[in-house]
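Residue strings, one per chain:
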Amino acid sequence: MKRIFTLFSIAFLSASTLFADGGGYKIKVKLDNYPEQVLTLGFHYGEKQYVKDTASVGADGWFTFQADTLLPCGVYLLVLKPDNSFIQVMVPDGDQDFSITTDAKDPVNKMKIKGSDDNEVFYDYLRFLNNLRPEADTLRARQARLKGQTADSLAIANQLNKLDKDVRKFQADLIAKHPGTISAKIVKASIEPEPPQFPGGEKEANRLKYFWYKDHYFDNIDIADPCLLRSPVLHQKIDYFVTKFTPQHPDSVNLAIDMVVDKMKNSPENFKYYLIHFLNFYAKSTFVGFDACYVHIAKKYYCTGQANWTKKEDVEKICDNATRLEPILIGKIAPNIAVQDRQNQTHNLWDVDADYTVLFFWAPDCGHCKKAAPFMVEFAKKFKDRGVKVFAVCTAVTDKGPDCWKGVEEKGFDDNLFLNHFDPYIRSHYKTLYDVQTTPAIFILDRKHEILSKKIGGEQLSDVMEKIMAFEEAKKKQRK
């Protein structure tokens, strides 16, 4: 696996670094049916949750969270021991001096708030949903039992549609009456944009609907809003857009990332969070080809000075790594290397005459190579007469070079199956050109030496090769 330089500054942020000076907050909480002596105040931040404070119960039965600095706006959590269940609390830019009383076993229905309009709005909404839920659940259960009874099923569907309209009306009224509240922002974010009717057949209509939805995906959420960075809705929305809604091809994903980041360019906190998040996410991705997303983020943002919070030495490492990875991304022409056979005759990778070349780096003392060897031998036998050649390069260096030929014999890398080579003084620079930091390392190249796949285990190689050949054959038929 390649070592890709990542930044983990988000994961290791202490809570104090996320809070700015100015003003102060005081949140008092009284809980019935909560025998514990300690209550924790946490908060959402992107995809994670962090602890801000803890409070012990006072003699008057209240837990008090208090400081001389304001909390950044967002959705906070009263975390209950011992099971870590939680009660959500809206903390807007203002209204940070309020009290909450409720029952730990029924926090929504028993919630009483003083001094916070935002929380009153939020819990009115939750109570409204709670009141509708039993009726909706009953109707859905009846509908499931009446599959063959059209008239009854239609009547139930109409009742469910009415409930749905009631919810949408409540949501619309809440958003209109309480603009700017965190509650309104969260409710609005839960509403999916409704596309118009498109003309044409089903296939064409679905295609047009997809592109409309792509353009309007973020209509109901301001992804540059720092309050929503500290909520459970923003990351879920962005993650789905980038990793599921967008076709999972690096080029498409890069466009999606650029779209998201561009919407945050005037919001330093969100911009920083998501650049770090995406860089780390694609640095650690195990999906073949998605190192192209890492390279894209590094080159476009980090190497151009847009990630100005990053230490200079870290930027240099990230950019150096991206520069090394870029020439061996899928779709690139594989760098040529000149290596020697056991008679010290030089052979160029680009001189291999085959429909497909499997470039295979291995080491005599590599345990994973030993496990991969039987699969590689089986693969070479299976594809020998199907236009595939294995260009093997042993990575032993200097005086260990002769171990390559001993390893060839031990592992069954017969010269009739493999084009066996070594480069004991690394004159070809293959380690740098192909970023060979661990072995085995396998690349599949086509006749033009374009990289078709990489990061493949020996046990996967045969299946991957079959899929590539089937795909190429289908393309040929399509062209005809």
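Keep in mind that this is a model prediction, so the values were computed, not measured. (Residues numbered from 1 in each chain as written. Predicted model: local features only at pLDDT ≥ 70, side-chain atom pairs only at ≥ 80, totals over all residues. Heavy atoms only, no water.)

Undergrad: What exactly am I supposed to notice about the sheet that holds strand β5 (residues 74-80) here?
TA: Backbone-to-backbone hydrogen bonds join strands into a sheet, with any given pair of strands oriented parallel or antiparallel. A sheet is described by the order of its strands in space; here four strands give the open sequence β3-β2-β5-β6, paired in antiparallel fashion. Each edge of the sheet is formed by a strand with only one pairing partner; in this case those strands are β3 (48-56) and β6 (85-91). Neighbour to neighbour, the strand axes of the sheet diverge by 30° on average, direction disregarded. Note that β5 and β6 share seven bridges and pair antiparallel. By the bridge assignment for β6, Tyr76 is matched with Val89. Most of the contacts of helix α3 (residues 182-189) go to β6, to which it runs at about 115°, and overall it touches β5 and β6. (Pairing = 2+ DSSP bridges. Helix = DSSP H or I, 4+ residues; strand = E, 2+ residues; numbered from the N terminus. Axes fitted to C-alpha atoms, helices over the stretch in contact; angles between N-to-C directions. Contact = heavy atoms within 4.5 Å.)

Undergrad: Would you take a moment to explain the packing of aromatic side chains for this structure?
TA: One pass over the full model with this rule turns up 34 aromatic pairs. Summarising the aromatic geometry, the rings of Tyr45 and Tyr50 are spaced 6.3 Å apart at their centres and angled 70° between planes, so their arrangement reads as edge-to-face. Like Tyr45, the residue Tyr50 is buried in the burial classification. Between Phe281 and Tyr282 the ring centres are 4.8 Å apart and the planes differ by 85°, which places this aromatic pair in the edge-to-face class. Assessed through its relative accessible area of 2%, Tyr282 is described here as buried. Positioned over the ring face of Tyr217 is Lys237, at 4.9 Å from the centre of the ring. (Phe/Tyr/Trp six-rings, centres within 6.5 Å; stacked < 30°, edge-to-face > 60°. Buried < 20%, exposed > 50% of the residue type's maximum accessible area, 1.4 Å probe, protein only. Lys NZ or Arg CZ within 6 Å of the ring centre and 35° of its normal.)

Undergrad: Explain the nonpolar core here, please?
TA: Here is a general trend for soluble globular proteins: nonpolar side chains tend to be buried in one another's company. Residues Ile238, Val242, Phe278 and Tyr282 are the most contacted members of the largest nonpolar core, which totals 84 residues. Among the elements that take part in this core, helix α8 (residues 268-283) stands out by supplying nine residues, more than any other. When residues no more than four places from it in sequence are discounted, the contact partners of Tyr282 are Val242, Thr243, Val253, Ile257, Phe290, Cys293, Tyr294 and Ile297. With 32 residues, the next largest nonpolar core counts Trp362, Cys394, Ala396 and Ile442 among its residues. (Core = buried A, V, L, I, M, F, W, Y, C linked by side-chain atoms within 4.5 Å.)

Undergrad: Mind showing me how you'd approach the confidence of the model for the chain here?
TA: Detailed reading of the predicted model is not advised wherever pLDDT is low. The predicted model of the chain averages 93 in pLDDT, with 95% of residues at 70 or higher. Here residues 8-21 scores under 50 on pLDDT; set against residues more than four positions off or in separate chains, the count is 27 contacts. (pLDDT = per-residue confidence, 0-100.)

Undergrad: Help me understand the state of the cysteines, please; the structure alone is not making it clear to me.
TA: Chemically, a disulfide is nothing more than a covalent bond linking the sulfur atoms of two cysteines. All told, the structure shown has three disulfides when counted by the stated rule. The disulfide partner of Cys73 is Cys227, and the gap between their sulfur atoms is 1.8 Å. Its S-S torsion of approximately -90° makes the covalent link between Cys73 and Cys227 left-handed. In this pair, Cys73 is assigned in the loop between β4 (63-67) and β5 and Cys227 in helix α5 (residues 226-229), connecting sequence segments 154 residues apart. With a relative accessible area of 5%, Cys73 lands in the buried category. By relative accessible area, Cys227 is classed as buried at 6%. Across the disulfide, Cys303 is cross-linked to Cys319 (sulfur-sulfur distance 2.1 Å). Disulfide Cys303 to Cys319: torsion about the S-S bond roughly -125°, handedness left-handed. Note that Cys303 is positioned in the loop between α9 (291-302) and α10 (312-325) and Cys319 in helix α10, a separation of 16 residues in sequence. If you count the bonded cysteines of the chain from the N-terminus, they pair up as 1-2, 3-4, 5-6. (Disulfide = S-S within 2.5 Å.)

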